[in-house]
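# Observations on the model geometry
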Amino acid sequence: ASAERKPKTIDVANISAEGLESIREQDPFMYYSIPGVRSAELLMRDIDTSNLEVSRLSPRRETARDGSLRTVIRKRCISFECHPDLILEELLNGI
């Protein structure tokens, strides 16, 4: 029987630009698992470290005491394909 490993997680609540760059260099899968990073890449925008919260659509998420969603689970497979409704929602929320 194979033992399942616990997935890596990261708290993005207080991450700095330098910390984010370090994650990008050391663990690209963790870096692109962060919803704010993926959204910025998809929409060709700068990454806003104050808005890296976990997607509210994600089935696996943790809510902080202040109500923010901040824990990211490292993905083992990253896809940049998404449904057009998600892109439109991001664009409309940015207006």
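Our structure is the block above this text.
This is a predicted model, so every value here is computed, not measured.

Going through the model one piece at a time under the given rule, you end up with two salt bridges. Linking R24 and E21 is a salt bridge whose minimum nitrogen-to-oxygen distance equals 2.5 Å. One end of the pair is R24 and the other is E21, both in helix α1 (residues 17-26) and three residues apart, which spans about a single turn. Looking at E21, the relative accessible area reads 32%, which means it is partly exposed. Across the pair D27 and R74 runs a salt bridge whose closest N-O atoms are separated by 2.9 Å. Here D27 is found in the loop between α1 and α2 (28-33), whereas its partner R74 is found in the loop between β2 (71-73) and α4 (84-93), with 47 residues between them in sequence. Here D27 falls in the buried class, since its relative accessible area comes to 14%.

So, about the nonpolar core. Formed by I10, V12, I15, L20, I23, M30, Y31, I34, V37, L52 and V72, the largest nonpolar core amounts to 11 residues. Among the elements of the structure, α1 and α2 are those that each provide at least two residues to this core. When near neighbours in sequence (up to four residues on either side) are disregarded, V12 contacts I34, L52, R70 and V72.

This part takes up the packing of aromatic side chains. All chains considered together, the criterion is met by one aromatic pair. Relative to Y32, the ring of Y31 has its centre 4.8 Å away and its plane inclined at 85 degrees; by these criteria the two rings are edge-to-face. For Y32, a relative accessible area of 24% translates into the label partly exposed.

Taken together, the side chains of L88, L91 and L92 make up a nonpolar region of the molecular surface, amounting to roughly 280 Å² of accessible area. Structurally, L88 is set in helix α4.

Definitions and cut-offs
Residues numbered from 1 in each chain as written. Predicted model: local features only at pLDDT ≥ 70, side-chain atom pairs only at ≥ 80, totals over all residues. Heavy atoms only, no water. Salt bridge = Lys/Arg side-chain N within 4 Å of Asp/Glu carboxyl O. Helix = DSSP H or I, 4+ residues; strand = E, 2+ residues; numbered from the N terminus. Buried < 20%, exposed > 50% of the residue type's maximum accessible area, 1.4 Å probe, protein only. Core = buried A, V, L, I, M, F, W, Y, C linked by side-chain atoms within 4.5 Å. Contact = heavy atoms within 4.5 Å. Phe/Tyr/Trp six-rings, centres within 6.5 Å; stacked < 30°, edge-to-face > 60°. Patch = residues over 30% accessible without salt bridge, like charges linked within 9 Å, V, L, I, M, F, W, Y side chains within 5 Å. Areas by Shrake-Rupley, 256 points an atom, 1.4 Å probe, with all protein chains shown as cover.

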